[in-house]
Structures are given as C-alpha cells and as structure tokens.
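Below are the chains, spelled out letter by letter.
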Amino acid sequence: LVHVLRVAICDDEGLARAGMESLVGKCPDAEVAGAFSNAREFLEALDGCIPNTALIDLEMPDLSGFGAVKALSARDWTNYSEPPLIILVTDDPNFGIAAFDSGTVGILNKPVRLKRLRPCLERARVALARHEARQRLHQLSAELGRVRQL
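The numbers attached to residues start from 1 for each chain and follow its sequence in the written order. Per-residue local features are limited, in this predicted model, to residues with pLDDT of at least 70; the limit for side-chain atom pairs, both in listing and counting, is 80 or more; totals at the level of whole chains, interfaces and linings are taken over all residues. As a convention, hydrogens and water are excluded, and side-chain values are obtained from all of the structure's heavy atoms.

## Some details on the pairing of strand E2 (residues 30-36)
Operational definition: In this scheme, strands are said to pair when DSSP sees at least two bridges between them. Under the DSSP-based scheme used, a helix requires at least four consecutive residues in state H or I and a strand at least two consecutive residues in state E, with every element numbered from the N terminus. Seen with its strands pointing away from the viewer, a crossover is right-handed if its path from the first strand over the helix to the second goes clockwise.
Bridging between strand E1 (residues 5-10) and E2 involves six bridges; their strand directions are parallel. Directly across from cysteine 10, in E2, lies its bridge partner phenylalanine 36. Taken together, E1, helix H1 (residues 14-25) and E2 constitute a β-α-β crossover, and its handedness is right-handed.

Listed below in structure tokens is the structure:
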C-alpha cells in the first residue's frame, strides 16, 4: 500500500524552505502540500492544504517548532482525519534529544540533504500505513460486532 505524502513545509528561512520544497519534489510518492514562513501561518492554513506530514523548523521567531507541535496536539481533530506526522528541522544538534521526546517521526539537521530526508519520509509513510491498518481493524471489529447482533 503506497501512501502519497502530502508534506507541509514550515521554515522562516526562505532559502531553507525552497531547498526542502525541491527535495520533497525529488522523493517518490511525496508532494508539497504547502510552504509557510512561520508556524502561525502553517497552523492557520491546515484546513486548506491538509498535509499528512509536516517538516517544521524548530527555531522560528514568534512560535517555535515545539510551539507548533503543542498547538497541533491541543487542536480538536474531530472533523478531520488526523493531524500531520511531524519531522522537525534544526540547525542546532542540541535540540535533537528534546525533539525525540516530542513524538516526532524524525529530526533533520540543516542544511537538509536528500539522503537524510528520504528515510524520514519513509518512516512517515510506514507510520501512516500502520495507522490505516489500525483504523481498518477498528472498523472491521465494529462491523463484525454489528453482524454478530443480527
């Protein structure tokens, strides 16, 4: 089962953002769902771009990548399929340990390189497939429960 990754990119550095857009375009079954220069813009645009994966810079003015992740986790997802899986991007390797504690799919150091991006996107693809499998299992279980009652 192939999942097309709809990747949102959130980075305040224009050159880094453009570079990540280009790299995502080189990955099979991945497309850029939107590119944003700050976390607030990203959060406000979620309804329109509907990403299943997001590359988020940790260090941005106003609202950091950690702040964006916190806002995503506090959001009501009732009317949406699921929140995007998060891959954090940083130019400070000291943030890596804290990032792992936040539940990310991966961490990329700047400048982002294709050979490091691909495995992160593959982990996101696998995580999406696992979630779909769990969701399908839940649906099947519910359906079997209804059939048993007949």
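And the narrative resumes.
## Considering unusual backbone geometry
With an omega of -5°, the peptide bond running from lysine 110 to proline 111 counts as cis. Examined against the element boundaries, proline 111 turns out to sit in the loop between strand E5 (106-109) and helix H5 (114-149). The backbone of isoleucine 50 sits at a positive phi, close to 45°, despite the residue not being glycine. With respect to the helices and strands, the residue isoleucine 50 is situated in the loop between helix H2 (39-49) and strand E3 (53-57). Residues other than glycine seldom take positive phi values, yet aspartate 62 does so here, at roughly 75°. With respect to the helices and strands, aspartate 62 occurs in the loop between E3 and helix H3 (65-74).

## Description of the confidence of the model for the protein
Quick note on the threshold: As a per-residue measure, pLDDT tells how confident the predictor is, with possible values from 0 to 100.
On average, residues of the protein score 84 in pLDDT, and 81% of them reach the 70 mark or higher. Mean pLDDT per element in the protein: helix H4 (residues 95-100) is the minimum at 59, and H1 is the maximum at 98.

## Points about the side chain of arginine 125
For clarity, the threshold we go by: Whether two residues are in contact is decided by their heavy atoms, any of which lying within 4.5 Å being enough.
In this fold, arginine 125 is placed in helix H5. Not counting residues up to four positions away in its chain, the partners in contact with arginine 125 are His3, Leu5, Pro28 and Asp29.

## Section: the packing of H2 against H3
The cut-off we apply is this: What counts as an axis is a line fitted to C-alpha atoms, over the stretch in contact for a helix, and the angles between N-to-C directions run from 0 to 180 degrees. Here roughly perpendicular refers to angles of 65 to 115 degrees, roughly parallel to angles under 35, roughly antiparallel to angles over 145, and oblique to all remaining angles. Left-handed describes a crossing in which the near helix is turned anticlockwise from the far one by less than a right angle; the clockwise case is right-handed. Three classes are used: nonpolar for Ala, Val, Leu, Ile, Met, Phe, Trp, Tyr, Cys and Pro, charged for Asp, Glu, Lys and Arg, and polar for all others, with Gly counted as polar.
Contact pair H2 / H3: the axes reach a minimum separation of 10 Å and the direction vectors enclose 25°. Classified by the angle between their axes, H2 and H3 sit roughly parallel to one another. Considering the relative orientation of H2 and H3, their crossing is right-handed. Residues Ala39, Phe42, Leu43 and Leu46 of H2 form the contact with H3, whose participating residues are Ala68, Ala71 and Leu72. The class makeup of the residues in the contact of H2 with H3 is seven nonpolar, no polar and no charged.

## Side note on the sheet that holds E5
The strands that make up a sheet pair up through hydrogen bonds in the backbone, lying either parallel or antiparallel. Read from one edge to the other, the open sheet built from five strands follows the order E2-E1-E3-E4-E5, with strand pairing classed as parallel. At either end of the open sheet lies a strand with only one pairing partner, and these are E2 and E5. Adjacent strand axes in the sheet meet at a mean angle of 25°, parallel and antiparallel pairs treated alike. Bridge count between strand E4 (residues 85-90) and E5: four bridges; the pairing is parallel. Bridged to threonine 90 within E5 is asparagine 109. The strands touched by H1 are E1, E2, E3 and E4; relative to E2, the strand with the most contacts, the crossing angle is about 165°. Seen against the sheet, H2 touches E1, E2 and E3 and runs at an angle of roughly 130° to E2.

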